[in-house]
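Spelled out, the chains give:
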Amino acid sequence: MKRLTNPVVLEKLSDRDKKHLWHPLTQHKVHSNMLAISKAKGAVLFDEDGKEYIDGISSWYTAMYGHCHPYILEKVGAQMQQLDQVVFSGFTHEPAVKLSEELIKILPENQEKLFFSDNGSTATEIGIKMALQYHFNKGEKRNVLLAFEEGFHGDTFGAMSVSGLSVYNGPFKDFFIEVERIPVPTMENIEGIVRQLQVRLEKNNVAGFIYEPLVQGAAAMKMHCAEGLGQILALLKEHNVLTIADEVMTGFGKTGKYFASDYIQTKPDIICLSKALTAGLVPMGLTTCTENVYNAFYSDDIAKGLFHGHTYTANPLACAAALAALELLKTDEIQGNIQNIIQWHNKFDDEIKSHPKVASTRQLGVIYALDLNVKMERYGNLRDKLFKHFMDNGVFLRPLGNTIYILAPFITTKSQMNRIYGTIKSAIEMV
C-alpha cells in the first residue's frame, strides 16, 4: 500500500516577516501585519496573493517612471557586466563622471560640484556639514542653523536636528545641534519674517538655512509661496548665510519643473537630492554646491577637506540608474505625461474642493493634496481606517493625518488616476 504523505504547506511571506524584521515608522505591538509585495510593474504593486494596488505615492516618491522600467533595467544590467562597485576615494568611473555632466545641464545654473552619498538623509546631513564647515574653514564662528517650522530632512542626527516634526525627534532632542525655526512664508506674513530675520542676522552666527522649497512633504504636503521664499533667500545671501535646498522629495519633475528651485529667482548654495534620482531602483544620495562653497574646502591644509564618505558612494549601478532616469525625464513622452497629470489633478480639484468634508486643497505639478474637515491623529485609528479603505480598493495611498495626497508615477494612465480619484471620493464620504 502506498504511504500517504502530508502536503508541504508553505508559510506566507507576511508571517515569516514577523519573526525577525523591524519595520520603519512602525509600532509593531499595534501594527504587526505587513503586506507582502511579490512584484511590481509600471504603476502597479502585486501582493503575495496576486491582488493589485495602484502605487499612488510612487513608493515614497521614488519610482516616478514606474516600477521595473525596461529602459532603466537595460542600462543597469549592462553596467553590471562592466563595473559593479569600486571605492570612490582615489578612484572614479564613467557612470559618475557622465552623471555629473548630465545633471549640471539641468541643475540651477550656479551649481558646479557634486558630492555623492547613499540616501536622502545623508544628502541633507552632508549639506548641513558643508554649511557649518564652510564658515569654520574661513575662521568664522557660526554655529546656528535656520530651518522652517514643520520641516523634515531625514533621520540622521543633523537631519533630525533641523527637522521640526516632534513625532520623529522626541527622544533625541537633548543631542541636537543648535537650530532656530521660522514660519513658512505666505503673502500675509513675509514682511514680518523679513523684519525678524534682519534683526536676528545682526548676531552674525547663523551658518546656514535648510528648507524644502515650496512643498514640505512630511508636513502633509504643506505648500508655501515662491515669492516669499525668494525674499528670505535673498536676505540670507546678503549676510553670507548658506542656503540649502532639500529637494529630496521635490526634485526631478514633480513640481512641474525639473526642480522646485527653478520657480525661485535666488538659487540655493547647496542642493540635496535622492529618491527619484535613481527612479526607485537602487539607493543613492547627492549633494550639489556652488564653486564658492567648494573653494572654502580647497586648500593645501588637508584638514580643511570635507572628510565624509560612504562605502557605496557613487556606486556605478546607481549612477547608471540615475543616468537612465534622467534620459527618461527629458523625453517628450514623460514631459507630456507630467502635463496630463497636472490637468487631471486640476479637473479633480474642481470637482472636490467645495465638498463640505474637504477643508482645503493644494497642488503643485503632479503633487496634489486635500485636507479633510475632521480632526485626526497623524497615526490614529481614523487615519488607519482611511488607509485600509484605499488598500481594500486596490489603491496605495498613505494619508498623513487628515491629509490625503497623490504623488503617482509619471506613467500612471488616465484610467488608473481616475480610480485613485474615485477611491478618494468614496473615502471622503465615509469619514
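Everything below is about the structure printed above this text.
Here the structure is a predicted model, which means the values were calculated and not measured.

Hey, could you go over helix α8 (residues 190–200) for me, with residue numbers and the actual values?
Every α-helix winds through 3.6 residues per turn, so residues three or four apart in the chain are directed the same way. Those residues of α8 not exposed but buried are Ile190, Ile193, Val194, Leu197 and Arg200. Along the axis of α8, the buried positions cluster into a sector of 125 degrees, meaning they face one direction only. Along α8, exposed side chains directed more than 90 degrees from the buried face belong to Glu191, Arg195 and Val199. Along its buried surface, α8 packs onto β5 (144–148), β6 (179–182), β7 (206–211) and α9 (226–238).

So, the nonpolar core: which residues are in play, and what are the values?
Ranked by internal contacts, the top residues of the largest apolar core, which has 100 residues, are Tyr65, Phe209, Leu370 and Ile424. By residue number, the principal contributor to this core is helix α11 (residues 316–329), which donates 12 residues. If near-sequence neighbours (up to four positions away) are discounted, Tyr65 is found in contact with Ile72, Ala276, Ala279, Ala325, Leu328, Leu329, Ile334, Phe410 and Ile411. Counting residues in hydrophobic clusters, the runner-up holds 22 residues, among them Tyr134, Val179, Ala207 and Leu306.

So what's going on with the layout of surface pockets? Which residues, and what values?
Of the voids in this model, the second largest pocket is the one considered here, and its volume is about 720 Å³. Within the residue set of the lining of the second largest pocket, elements represented by two or more residues are α4 (94–106), β4 (113–117), β12 (285–289) and α10 (291–295). Here the lining of the second largest pocket takes four residues from β4, the largest share from any one element. Taken together, the residues of the lining of the second largest pocket sort by class into 14 nonpolar, 11 polar and two charged.

Can you explain the sheet that holds strand β11 (residues 270–273)? Please cite residues and give values.
With mixed pairing, seven strands are arranged side by side in an open sheet as β4-β12-β11-β10-β7-β5-β6. The open sheet has two free edges, formed respectively by β4 and β6, since each of these has just one partner strand. For this sheet, the mean inter-axis angle between neighbouring strands, taken without regard to orientation, is 20 degrees. Pairing of strand β10 (residues 242–246) with β11, which is carried by three bridges, proceeds in the parallel orientation. Bridged to Ala245 within β11 is Ile271. Against the sheet, α4 engages β4 and β12, with an angle of about 125 degrees to β4. Across the face of the sheet, helix α5 (residues 120–137) comes into contact with β4, β5, β7, β10, β11 and β12 while running at roughly 180 degrees to β10.

An account of the pattern of salt bridges is needed here, citing residue identities and associated values.
If charged atoms from side chains of opposite charge come close, those side chains can pair. Enumeration over the complete set of coordinates arrives at 15 salt bridges. Two residues, Lys12 and Glu48, come together in a salt bridge whose shortest N-O distance is 4.0 Å. Of this pair, Lys12 sits in the segment before α1 (13–20) while Glu48 sits in the loop between β2 (44–47) and β3 (52–55), and the two are 36 residues apart along the sequence. The exposure class assigned to Lys12 is partly exposed, which follows from its relative accessible area of 36%. A salt bridge links Lys105 to Glu102, with the shortest nitrogen-to-oxygen separation between them at 3.0 Å. Of this pair, Lys105 and Glu102 are both found in helix α4, three residues apart, which corresponds to roughly one turn of the helix.

Tell me what's going on with the sheet that holds β2, and back it up with residues and numbers.
What the four strands build is an open sheet, ordered β1-β2-β3-β15; its pairing is mixed. Across the chains shown, the open sheet's two edge strands, defined by having one partner strand only, are β1 (37–41) and β15 (395–396). Bridging between β2 and β3 involves three bridges; their strand directions are antiparallel. Paired with Val44 across the two strands is Ile54, which belongs to β3.

Account for the environment of Lys113, with residues named and values stated.
Within the secondary structure, Lys113 sits in strand β4. On the basis of relative accessible area, Lys113 is assigned to the partly exposed category, the value being 28%. The spacing of Lys113 and Tyr294 is 181 residues in sequence and 7.1 Å in space, taken between C-alpha atoms. Those residues in contact with Lys113 that lie beyond four places of it in its chain are Thr287, Thr288, Cys289, Glu291 and Tyr294.

Outline the packing of aromatic side chains, supporting the account with residue identities and numerical values.
Summed over the entire model, instances satisfying the criterion amount to 12 aromatic pairs. For the pair Phe157 and Phe176, a centre-to-centre distance of 6.4 Å together with 75 degrees between the ring planes defines the contact as edge-to-face. Of this pair, Phe157 sits in helix α6 (residues 157–162) while Phe176 sits in the loop between α7 (166–169) and β6, and the two are 19 residues apart along the sequence. Measuring from ring centre to ring centre gives 5.3 Å for Phe252 and Phe259, while their planes differ by 65 degrees; the resulting arrangement is edge-to-face. For the pair formed by Phe252 and Phe259, the shared burial category is buried. One aromatic cluster is present, formed by Phe148, Phe209 and Tyr211 through successive ring pairs.

Rules used throughout
Residues numbered from 1 in each chain as written. Predicted model: local features only at pLDDT ≥ 70, side-chain atom pairs only at ≥ 80, totals over all residues. Heavy atoms only, no water. Buried < 20%, exposed > 50% of the residue type's maximum accessible area, 1.4 Å probe, protein only. Helix = DSSP H or I, 4+ residues; strand = E, 2+ residues; numbered from the N terminus. Arc of directions from axis to C-beta. Contact = heavy atoms within 4.5 Å. Core = buried A, V, L, I, M, F, W, Y, C linked by side-chain atoms within 4.5 Å. 1 Å grid on protein atoms, 1.4 Å probe; cavity = no way out; pocket = protein on both sides within 12 Å on 5 of 7 lines; lining within 4 Å. Points joined across faces, edges and corners; volume = space filled by probe spheres on them. Nonpolar A, V, L, I, M, F, W, Y, C, P; charged D, E, K, R; others polar. Pairing = 2+ DSSP bridges. Axes fitted to C-alpha atoms, helices over the stretch in contact; angles between N-to-C directions. Salt bridge = Lys/Arg side-chain N within 4 Å of Asp/Glu carboxyl O. Phe/Tyr/Trp six-rings, centres within 6.5 Å; stacked < 30°, edge-to-face > 60°.

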